[in-house]
Every structure is written in C-alpha cells, then in structure tokens.
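Notes for the structure review
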Amino acid sequence: MRVLAAMSGGVDSAVAAARAVDAGHEVTGVHLALSRTPGTLRTGSRGCCTIEDSRDAWRAADLLGIPYYVWDFSERFQADVVDDFVAEYAAGRTPNPCLRCNEKIKFAALLEKALALGFDAVCTGHYAKVVDGAGGGRELHRAADWAKDQSYVLGVLTAEQLEHVLLPLAETPSKAEVRAEAARRGLSVAQKPDSHDICFIPDGDTRGWLAERIELAEGEIKDVEGNVLGTHPGANAFTVGQRKGLRIGTPAPDGKPRFVLEIRPKTNEVVVGPEAMLAVDELRGIRPTWAGRPVPEAAELLRDGRAAGEASLSFPVLAQVRAHGDPVPARALLELVEGPDGPDGAPAPELVVRLDEPMRGVAPGQSLVLYQGTRVLGQATIDRAHSLARPDVAASR
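Residues numbered from 1 in each chain as written. Predicted model: local features only at pLDDT ≥ 70, side-chain atom pairs only at ≥ 80, totals over all residues. Heavy atoms only, no water.

Strand order across the open sheet formed by four strands is S9-S8-S11-S10, with mixed pairing between neighbours. Each edge of the sheet is formed by a strand with only one pairing partner; in this case those strands are strand S9 (228-232) and strand S10 (259-264). In this sheet, adjacent strand axes meet at a mean angle of 30 degrees when their direction is disregarded. (Pairing = 2+ DSSP bridges. Helix = DSSP H or I, 4+ residues; strand = E, 2+ residues; numbered from the N terminus. Axes fitted to C-alpha atoms, helices over the stretch in contact; angles between N-to-C directions.)

Structure below.
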C-alpha cells in the first residue's frame, strides 16, 4: 500500500513507520505542525509537536530512507482542538483534547488529505489494534499491551476511517520492546521521554492557561444544601472530582475533605461535598458514534426508530471514562430524545449507560467509550451523570 506515516518525533511513531517499511509498503513520513508558535521547546517530557520534535521525526525518516514532509495544520488544530478546549471549559465541561485531536486532526483532516493525494492508509504509533470483523468491515480492539493501550482515545474513529488505518504497534507486548527495537535500528529517539499532559500547555498549568483565555469572575462555593462555604476565583477553572485548590476556610462537619460535585457556569457556582457523593451509576452521552458496525440493538433503533429506552434493546458493555481508567461492567441502550443535536430538529440518539458498580469523579465533557471484551464499540460525550440510588444528590451536570 501507499502509506502516509504520521511522525510526531517520538519513539512510537518512528518504530511504527519503520515496521511499515519492513512490511513492504511505500511509506512517506509527515510531521504535523500544530502550533503557530513552534519555537517553544518541550519542558522535560511535557508537550509535543515542537521544532525539536519535527527535527527528531526528520532524522528518523532520513535513517529509514523515506520521503519526509512537514504539513501545517495549525489553523485547523487551533479551531478544532484548542478553541474547543476553551469553549468546553467555559461551559463547565471537562474535555479530552487528545481524543479531539485524533477525531478532528489525525484521522479526519490528515486522512482526508492523504486519501486525496492517493495514499491508501495513515500509519500511526498508537497502541491499538484494527482487525477484520466476523460480520464484515473492520473493528477497533485494545492493544496487546494493556498498560499502554490507547484504544480509548481512538474510540472516535468511524467505520470508514478504520478502513484506512494502519497500527503497526498493535501486537507489541511492551513499550520497553519498542525502545529496544528503536535502539537496534539506530533511531536517535530510542530513549526520548514520552510526552504527557496537554501538548499546547507544556508547563502543565491548565488553570493558569485558562485564566488568560476565559474571563473568570469570583463566585460562591456551596454545599449540596445551598449553604455558602466560601468563594472561588472562577467556576470555569474547576472540574468535577477536584479536591485541591478549593480554599474553603470552614472545615466539613465530619472533618473529611470535600470534592467538587458540580460546576454551574450560568450562576458561576461550584458545589462541593463528601467524596461519597461523587459516585454515579447512570451516564448519559450525546452525539454517539460507532467504531465499526454498531451492535444489532443500536442498529435496530437507528433503523426503525423504536420506542425510547426499550429494555429489549439494551446490550452488555464495559464502560470507560478515562484513558487509563478501569472499565466497569454496564448495560447500554439508545434513547431518541428531542434536542438541538438531531438533524433538522429531529430526535437525536442519546446513549444511556447503567453501571453495575458506581464510578466516581465523572464530569460532563468527558468521553464515554464502550467495549465488549477487547473490542471498542463506540463513544459519546458525557452530558449528565446521575446516582440512581440517591436521586436527592443526582447531578444534571
């Protein structure tokens, strides 16, 4: 195949490109310039997509003997990832920018350009697996190394995109093996630290970064009964489940720490309470998408418009709300609800997931990714989370 290898400048993408070459593909390397100010070098192991990274990617491509280009996607990245990140926080939600980058940049804008130029597939260094499904089409699965598995942040891939994705690290048993292979190949990035946190906030100070972009106003911190406990510098800088930085002068009656339970951007309020109140067992997600063919129950609802919430259309899943969070057994179903997300005002599907055991610290804006075994079924953006057992503390977050 003609393969476009996305080369971030890290060890994973370099080894993935090398394996694509070894497999006999006609490989071209490309580094995505995502920043309008690329002169800022990474701080330690934070950040990515800097000038330093583009040079590392070029050295790897040169060693592999493949063509190499730098493509400027900074305008698209600013609009679809950075601006979206700010808008979500301004609305009191907690977004996942890495997942949004995969959705909008690496497997939308990049793949679209690759196909237009005659490439057959985009190759990346993600730890996940794409296989041919038993019923036709391709499926997304967890990687062999569950500790490094990145299928969660690829849960936004569609059936059409999976047809053009190459993930050479799928069966690799560990990151140590990738580094050892890079060293054997003579790649200079063999021991390069992994990037982490948010790439466009390389110093890791998310609150400080947001304060420069969102107008923060002082507001009240309340408990679930509505009592005022203190003030905050701006509700948008907090997230559900947060414990530190509350600066409440009055201690809790039980002497235990309090956690952020809810963000109310309209009234600029932060609601706090005991850790136990973070537990929720029903999640509702909007704009669901399917990584490959939807399960039969979902396909039936989407095809026939069956009645909302029919128990016969629920299906067993494992639900995951963080990139490296533990999956929780649950049952999921789709409900057709009235709202602005439907085309031409028509009812839109809403994903309802009822957990077998509660999750804590679930925030609106997070991505809810569903699995069956190792297979990724799809994802939705969490809109609300509830405690079915304790409706008095249910949060329409």
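All right, on to the packing of aromatic side chains then. Taken as a whole and assessed by the stated rule, the structure comprises six aromatic pairs. Taken together, a centroid distance of 6.0 Å and an interplanar angle of 70 degrees make the contact between phenylalanine 77 and phenylalanine 200 edge-to-face. Here phenylalanine 77, found in helix H3 (residues 74-90), pairs with phenylalanine 200, found in the loop between helix H6 (175-185) and helix H7 (206-211); they are 123 residues apart in sequence, far enough to count as distant. Residues phenylalanine 77 and phenylalanine 200 agree in their burial class; the two are buried. Taking the centre distance of 5.8 Å and the plane angle of 65 degrees together, the rings of phenylalanine 85 and tryptophan 209 count as edge-to-face. Residue phenylalanine 85 is found in helix H3, and its partner tryptophan 209 is found in helix H7; the two are separated by 124 residues along the sequence. Grouping residues by exposure puts phenylalanine 85 and tryptophan 209 together as buried. Among the aromatic residues, those joined into a cluster by ring pairs are Phe77, Phe85, Tyr89, Phe200 and Trp209. The ring of tryptophan 71 has lysine 113 sitting right over it, with the charged end atom 4.2 Å from the ring centre. Positioned above the aromatic ring of tyrosine 371 is the side chain of arginine 142, whose terminal nitrogen or guanidinium carbon lies 3.8 Å from the ring centre. (Phe/Tyr/Trp six-rings, centres within 6.5 Å; stacked < 30°, edge-to-face > 60°. Buried < 20%, exposed > 50% of the residue type's maximum accessible area, 1.4 Å probe, protein only. Lys NZ or Arg CZ within 6 Å of the ring centre and 35° of its normal.)

In this section: H3. Relative to the 24 Å expected for 17 residues at 1.5 Å per residue, H3 spans 22 Å between its end C-alpha atoms, a close match to the ideal helical length. The principal kink in H3, of about 30 degrees, is found at aspartate 84. Of all the positions in H3, only Ser74, Phe77, Val81, Val82, Phe85, Val86, Glu88 and Tyr89 are classed as buried. Looking one or two residues past H3, glycine 92 carries a phi angle of roughly 85 degrees, positive in sign. (Expected span 1.5 Å × (residues − 1). Bend = angle between axes of the 7 residues up to and from the residue.)

Relative placement of two packed helices is described by the angle separating their axes and the distance separating the axes. In the contact formed by helix H1 (residues 11-22) and H6, the axes pass within 10 Å of each other and the chain directions differ by 65 degrees. In terms of axis orientation, H1 runs roughly perpendicular to H6. Crossing angle aside, the handedness with which H1 passes H6 is left-handed. Within the contact between the two elements, H1 uses Val11, Asp12, Val15, Ala18, Arg19 and Asp22 and H6 uses Lys175, Glu177, Val178, Arg179, Glu181, Ala182 and Arg185. Tallied by class, the residues present in the contact of H1 with H6 amount to five nonpolar, no polar and eight charged. (Parallel < 35°, antiparallel > 145°, perpendicular 65-115°, else oblique. Left-handed = near helix turned anticlockwise from the far one by under 90°. Contact = heavy atoms within 4.5 Å. Nonpolar A, V, L, I, M, F, W, Y, C, P; charged D, E, K, R; others polar.)

Where H3 meets helix H4 (residues 97-116), the closest approach of the two axes is 10 Å, and the angle between their N-to-C directions is 160 degrees. As judged from the angle between their axes, H3 and H4 are roughly antiparallel. Where H3 crosses over H4, the two elements pack in a sense that is right-handed. Facing H3, whose interface residues are Arg76, Phe77, Asp80, Val81, Asp84 and Phe85, H4 presents Pro97, Arg100, Cys101, Lys104, Ile105, Ala108 and Ala109. Within the contact of H3 with H4, the residues separate by chemical class into eight nonpolar, no polar and five charged.

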